[in-house]
Amino acid sequence: MSERQETIERNLWAAPALFVLVAWVLFKAGDGSSSSAAAWIVYAAGWVPALIMLIRSAFRRKNPGVGAVFAFSILLVMGAFFLGNHG
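Analysis parameters
Residues numbered from 1 in each chain as written. Predicted model: local features only at pLDDT ≥ 70, side-chain atom pairs only at ≥ 80, totals over all residues. Heavy atoms only, no water. Helix = DSSP H or I, 4+ residues; strand = E, 2+ residues; numbered from the N terminus. Buried < 20%, exposed > 50% of the residue type's maximum accessible area, 1.4 Å probe, protein only. Expected span 1.5 Å × (residues − 1). Bend = angle between axes of the 7 residues up to and from the residue. Contact = heavy atoms within 4.5 Å. Axes fitted to C-alpha atoms, helices over the stretch in contact; angles between N-to-C directions. Parallel < 35°, antiparallel > 145°, perpendicular 65-115°, else oblique. Nonpolar A, V, L, I, M, F, W, Y, C, P; charged D, E, K, R; others polar.

1. Side note on unusual backbone geometry
Here is step 1 of the chain: If you check the backbone angles, Arg61 has positive phi at about 55° while not being a glycine.
Here is step 2 of the chain: Mapped onto the elements, Arg61 comes out in the loop between α3 (47-60) and α4 (66-86).
Here is step 3 of the chain: Judged by relative accessible area, which is 78%, Arg61 ranks as exposed.

Quick look at the structure:
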């Protein structure tokens, strides 16, 4: 695997953290339902890169590694936190 491809894969596994951060900021900044809806949309969009990488790993028959653990852990933990506080 080339260094460029490895960098792209690492960034895609880390991408959910950015989506969760933006969703958290939207939840904290807004009082209305529109900002809450936008935060949920951003949070849901964070699942896309992680799922794409998981499917790609399955097709290549490659172990997704610690990147998958990080991505899905942060999505699940923060999703439960958001749901408990803003659901």
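That covers the picture; the talk isn't over yet.
2. Regarding helix α1 (residues 3-29)
Here is step 1 of the chain: Across its 27 residues, α1 extends 39 Å between first and last C-alpha, which sits within 8% of the 39 Å expected from 1.5 Å per residue.
Here is step 2 of the chain: Of all the bends in α1, the greatest reaches close to 35° and is centred on Ala14; the proline Pro16 follows between one and four positions later.
Here is step 3 of the chain: Every buried residue belonging to α1 is among Glu9, Trp13, Ala15, Pro16, Val20, Ala23 and Phe27, and all of these are buried.
Here is step 4 of the chain: Elements that come into contact with the buried residues of α1 comprise α2 (33-45), α3 and α4.

3. Concerning the packing of α2 against α3
Here is step 1 of the chain: Their axes nearest at 5 Å, the elements α2 and α3 cross at an angle of 15°. The angle between the axes of α2 and α3 places the two elements in the roughly parallel class. Facing Tyr43, Ala44 and Ala45 of α2, the residues of α3 in contact are Trp47, Val48 and Pro49.
Here is step 2 of the chain: In terms of residue class, the contact of α2 with α3 is made up of six nonpolar, no polar and no charged.

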